[in-house]
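This is what each chain is made of:
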Amino acid sequence: MLPSFLIAGAQRCGTTSLYRALEQHPLLLKPVLHKGVHYFDVGYERGMSWYQAHFPLRAGAALLGRRYGARALAFESSPYYLFHPLAGRRIAADLPGVKLIVLVRDPVERACSAHAHELARGFETESHFERAVELEERRLAGAEELLRNEPFAVHHAHRHQAYLARGRYADQLDRLEPLFGRERILVLDSHLFFARPKAVYDRVLDFLEVPRLGYPEFERHNGRSLPRRVPPDLARALREHFAPYDARLARWLGGEPSWRQ
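These numbers were taken from a predicted model, which means no experiment stands behind them.

## Concerning helix H4 (residues 58-68)
Okay, step 1: Along H4, the residues that are buried comprise Ala 61, Leu 64 and Gly 65. The buried residues of H4 occupy one face: seen down the axis, they fall within an arc of 105°. Along H4, exposed side chains directed more than 90 degrees from the buried face belong to Ala 59, Arg 66 and Arg 67.
Okay, step 2: Just downstream of H4 lies Gly 69, where phi reads positive at about 70°.

Spelled out as structure tokens, the structure:
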């Protein structure tokens with residue numbers, strides 16, 4: 001099989017929790033080995049045969065389709081797809097008709113969570129979040145140009161240290177819209193997903209045109225406690241920084257983001 005939909009991001013926004021909920025649906029088929037294949041961002045040189053080998057066989061999907069009276073869909077979750085400058089174009093070309101699910105959260109919280117996550121994994125060496133934010137512009141200088149000019153390149157800081165840039169969700173969604181159209185992109189407020197998981201889960205199934213067959217176990221996955229609170233002055237500055245980007249999210253969410261209410 002090839003995926004019918006992708007959880008494309010954003011990083012540290014509940015993508016693993018949504019993935020774990022969806023994989024419990026009998027008609028939604030996850031990759032054989034890993035949650036995220038990362039083909040369209042850092043593995044594209046491997047080719048489509050390599051990518052397709054990660055998914056279940058069509059014969060098994062056909063059996064499930066007959067059992068449940070609806071088509072089985074394959075999917076994966078690679079949160080870097082949303083941010084990588086070439087991933088959207090590659091997805092649109094290689095998976096015509098595919099749908100995208102994007103989760104967003106308070107971008108200040110997301111930035112803090114991402115820093116703690118990358119620090120714990122060894123991809124960040126600066127232990128102070130404030131300093132990592134100061135370094136970001138310099139670290140990311142020239143990254144997008146490099147990735148566009150050398151399609152198989154990997155840029156460490158772009159992937160692991162883009163704490164503010166990844167939270168400018170509207171820029172990334174605006175890049176995807178001409179490729180997929182609004183109707184094939186579902187944007188979810190992750191705060192609402194954790195607060196009212198059944199309602200958001202139903203919305204996802206309706207978007208995918210998959211029948212409702214009961215509810216899965218909803219759990220938080222891949223969470224990470226923050227080492228310390230962001231200093232109030234920095235938090236205020238970051239909220240001001242993200243304000244225009246958050247405002248542009250309203251048309252994707254159907255209203256003001258929860259963290260701005």
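From this point, things continue past the structure.
## Notes on the packing of aromatic side chains
Okay, step 1: Per the stated rule, a full pass over the model turns up 14 aromatic pairs.
Okay, step 2: Ring centres 6.2 Å apart and planes at 40° place the aromatic pair Phe 40 and Tyr 44 in the tilted group.
Okay, step 3: Relative accessible area serves as the criterion here: at 21%, Tyr 44 is assigned to the partly exposed category.
Okay, step 4: Ring geometry for Phe 193 against Phe 218: centres 6.4 Å apart, planes inclined by 80°, an arrangement best described as edge-to-face. Residue Phe 193 is located in helix H11 (residues 190-195), and its partner Phe 218 is located in the loop between helix H12 (197-208) and helix H13 (232-248); the two are separated by 25 residues in the primary sequence.
Okay, step 5: An aromatic cluster is defined as three or more aromatic residues linked by ring pairs; in this entry it consists of Tyr 39, Phe 40, Tyr 44, Trp 50, Tyr 51, Phe 55 and Tyr 81.
Okay, step 6: In this arrangement the basic side chain of Lys 99 is found over the ring face of Phe 207, its NZ or CZ atom lying 5.0 Å from the centre.
Okay, step 7: Above the face of the Trp 252 ring, Arg 182 is positioned so that its terminal group lies 4.7 Å from the ring centre.

## Regarding the pairing of strand E3 (residues 73-77)
Okay, step 1: Counting buried positions along E3 yields five of five residues, so the element is predominantly enclosed.
Okay, step 2: Side chains of E3 alternate between two faces, with Leu 73, Phe 75 and Ser 77 and Ala 74 and Glu 76 buried alike.
Okay, step 3: Of the strand pairs in this sheet, strand E1 (residues 3-9) and E3 are connected by four bridges, and their pairing is parallel. Across the sheet, residue Ile 7 finds its bridge partner in E3, namely Ser 77.
Okay, step 4: When strand E2 (residues 28-29) meets E3, the two strands line up parallel, connected through two bridges. Looking at the pairing, Leu 28 lines up with Leu 73 of E3.

## Let's talk about the environment of Leu 140
Okay, step 1: Here Leu 140 shows up in helix H7 (residues 129-140).
Okay, step 2: What makes Leu 140 buried here is its relative accessible area of 17%.
Okay, step 3: Residues Leu 140 and Leu 213, spaced 73 residues apart in sequence, show a C-alpha to C-alpha distance of 45 Å.
Okay, step 4: Ignoring any residue separated from it by four or fewer positions in sequence, one finds Leu 140 in contact with Ala 157, His 158, Ala 162 and Ala 165.

## Focus: the packing of helix H1 (residues 15-22) against H12
Okay, step 1: The N-to-C vectors of H1 and H12 enclose an angle of 70°; their axes lie 12 Å apart at closest approach. Here H1 is positioned roughly perpendicular relative to H12, judged by the angle of their axes. Where H1 crosses over H12, the two elements pack in a sense that is right-handed. In this structure, H1 uses Leu 18, Ala 21 and Leu 22 to contact H12, whose residues at the interface are Tyr 201, Val 204 and Leu 205.
Okay, step 2: Residues belonging to the contact of H1 with H12 are distributed by class as follows: six nonpolar, no polar and no charged.

Scoring rules and cut-offs
- Residues numbered from 1 in each chain as written.
- Predicted model: local features only at pLDDT ≥ 70, side-chain atom pairs only at ≥ 80, totals over all residues.
- Heavy atoms only, no water.
- Buried < 20%, exposed > 50% of the residue type's maximum accessible area, 1.4 Å probe, protein only.
- Helix = DSSP H or I, 4+ residues; strand = E, 2+ residues; numbered from the N terminus.
- Arc of directions from axis to C-beta.
- Phe/Tyr/Trp six-rings, centres within 6.5 Å; stacked < 30°, edge-to-face > 60°.
- Lys NZ or Arg CZ within 6 Å of the ring centre and 35° of its normal.
- Pairing = 2+ DSSP bridges.
- Contact = heavy atoms within 4.5 Å.
- Axes fitted to C-alpha atoms, helices over the stretch in contact; angles between N-to-C directions.
- Parallel < 35°, antiparallel > 145°, perpendicular 65-115°, else oblique.
- Left-handed = near helix turned anticlockwise from the far one by under 90°.
- Nonpolar A, V, L, I, M, F, W, Y, C, P; charged D, E, K, R; others polar.

These results come straight from atomic positions and should not be treated as a statement about function.
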